[in-house]
Each structure stands twice: as C-alpha cells, then as structure tokens.
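# Structure at a glance
Read off the chains here:
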Amino acid sequence: MIAVARDGAVATVTLSRPDKLNALDRSTRWELIEALRSVAADATVRAVVLTGTGRAFSVGQDLAAVEELEHADETVAGTYNPIAQTIATMPQPVIAAVNGLAVGAGMGLALACDQRLAAESASFSCAFGKVGLVPDTAVSWYLVRELGYARAFWFAASGRPIPAAEAHRLGLLNEVVADDELASRAHGLAQLFAAGPAHALALTKRQFRAVSELSFEAALALEARHQGDAAAHPDHVEGRTAFAEKRAPRWV
C-alpha cells in the first residue's frame, strides 16, 4: 500500500491504494510512518517526493474502518500525529505532488510538506465536518497560518472543495502543473534540492518551521546557532572554496 522508489538521492513515497482513493486505514498509516522514518534516517536520501496513485492523493481516514474512530483520540495521537511530525522534522525537503483529491487528513499530508505541487485536476477539501469530525493531521495548524482564521474556518465549516488553481492563489500551493507533467516536475524539484547542501537545507527547514513560534530575539538567537553549525560544516568550506575557484560546489 506504500511504495518507496529511489532515483539517486531522491526517494519517492507513494500512497498506493487506488481502489480506496488512497484512504488511510491503520495498516496504511503504519506503513507510511515506517517508510517516512526509514527515508528520514537514510543519509543518502537528500530529497523526498510524497504522492498518490490513481484519482486521489488521499481522501484521508478510511471511514469503512469504523472501529478506528471508537477511540479517535488514540487513533489520531498514535498514527496521524506521527505522520505529520515526521514530515515536519525529517531533515530532507519533502515535496507533495498532489495528483488528485486531497481530502481531510489527505489535505493534512500535503500541507505538512515543505513544497506543494498539484496537478491541474487536483482539489483540496477540509471535509471533516461533513462526517461530524474536526480537522486533524495538523490541518488546523497549517490552514490558519496559511489563510488566517476566517478563511480557514470557512473552508472547515463548509467543507467546500478548493480547486488547485484557487489553492495556488490562496498560497496553499507553490505551483500547479498539467496532470501529465506533475511527476516529472516534482522529481525535477527534488533533484534540485538533492543537489544542494543537505546540512544547510536541513538547518534552514528546522529554522523556518520554528520561527513562527519564537519571539524576535529567540529567532535571532536560533539563526546565530544554526549559522555557527553551518559554518563549521565541510559544506561551507567547499562552498567557499568553489566560489573562490569559480566552479560548482561538490557537496559532501
């Protein structure tokens, strides 16, 4: 149900349950957690693409698995939260290649990624309220920060689908591409990141995700600590040397 493919330093993690629109039952969630953690721990992986197969990126919780919602707090805390946390904290840049429907927790998976690309036919929906549930998988965290309270509440309360073009205008997406170009565009972006200084990019990711919760002074202090870390790394020596020698850097 979760496929992991490698192309050099790029790993592609694919939700592969197309007959269920990549709905997330317990086994699929655990496979995804294990796949993401394995990729995160692999120093040879320098960028990650997260995508789906078929008509959907993911429609979120598999509502046929009724028993999983009998103790929904434990289900969310035990499996959905670790997925969002792993994407947010893994050192590699993670690119969402949203190939179709991204609904509920599926929307959360996309929002958790560092870059978000979508096919023209893709759409998003914060549809939890349609089944009497509330947003999870960090949807509330990202949606309010990206859109502001009023718009985030509207999309959650209405469950209205957000077409890819509108999601791009709202700032939820970096780019919208033709359906048949999504995979190649996402892979090209991943290769761009993979060719960069992995240590500095990992610190940048950590820094950018932290600063919105920090005071101005704490953000400055974090930048200083990270800069000291980056400057002491061999990548900085190589980058400085390559600049002086007028050549492309060869990152470690």
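Our structure's up above, just so we're on the same page.
Report on the accompanying structure. Here the structure is a predicted model, which means the values were calculated and not measured.

Each value, and the rule that gives it
- Residues numbered from 1 in each chain as written.
- Predicted model: local features only at pLDDT ≥ 70, side-chain atom pairs only at ≥ 80, totals over all residues.
- Heavy atoms only, no water.
- Helix = DSSP H or I, 4+ residues; strand = E, 2+ residues; numbered from the N terminus.
- Buried < 20%, exposed > 50% of the residue type's maximum accessible area, 1.4 Å probe, protein only.
- Contact = heavy atoms within 4.5 Å.
- Lys, Arg positive; Asp, Glu negative; His and termini not counted.
- Salt bridge = Lys/Arg side-chain N within 4 Å of Asp/Glu carboxyl O.
- Core = buried A, V, L, I, M, F, W, Y, C linked by side-chain atoms within 4.5 Å.
- Polar contact = N/O pair within 3.5 Å; in protein donor to acceptor, adjacent residues only side chain to side chain.
- Pairing = 2+ DSSP bridges.
- Axes fitted to C-alpha atoms, helices over the stretch in contact; angles between N-to-C directions.

## Re the overall build of the protein chain
In terms of helices and strands, the protein chain carries 10 helices and 10 strands. Projected onto the principal axes, the alpha-carbon positions of the protein chain cover approximately 60 × 40 × 35 Å. The buried share of the protein chain, taken over its 252 residues, is 45%. In the protein chain, of all internal contacts separated by at least 6 residues, the share reaching a separation of at least 24 is 69%.

## So, the side chain of Asp136
Mapping Asp136 onto the fold places it in the loop between β8 (123-125) and α4 (139-147). With no salt bridge to any partner, buried Asp136 finds its closest opposite charge in Arg29, at an N-O distance of 8.7 Å.

## Comments concerning the nonpolar core
Residues Val13, Leu32, Leu50, Val98, Phe124, Leu143 and Leu172 are the most contacted members of the largest nonpolar core, which totals 48 residues. Residue contributions to this core peak at six residues, all from helix α3 (residues 105-112). If sequence neighbours within four positions are ignored, Leu143 has contacts with Met107, Leu111, Cys126, Gly148, Ala152 and Leu172. Counting 14 residues, the second-largest nonpolar core is a separate cluster that includes Ile95, Ala97, Ala190 and Ala194.

## Looking at the environment of Arg151
Residue position: Arg151 is located in helix α5 (residues 149-158). Among the polar contacts made by the side chain of Arg151, one reaches the main-chain carbonyl oxygen of Leu147 at a distance of 3.2 Å.

## A short note on the sheet that holds strand β6 (residues 101-103)
If you trace the four strands from one edge of the open sheet to the other, you get β4-β6-β8-β9, paired in mixed fashion. Among the strands making up the open sheet, the edge pair consists of β4 (56-58) and β9 (162-163). Inspection of the sheet shows β8 paired to β9 by two bridges, in the antiparallel sense. Paired with Phe124 across the two strands is Ile162, which belongs to β9. Across the sheet, α3 is in contact with β4, β6, β8 and β9; its angle to β6 comes to roughly 100°.

## Thoughts on the pairing of strand β1 (residues 2-7)
Each regular strand displays side chains that alternate between the two surfaces of the sheet. As defined by bridge partners, β1 adjoins strand β2 (residues 10-15) across six bridges and the pair is classed as antiparallel. Looking at β2, one finds that Val4 is bridged to Val13. The turn linking β1 back onto β2 is made up of two residues, and Gly8 within it adopts a positive phi angle of 65°.

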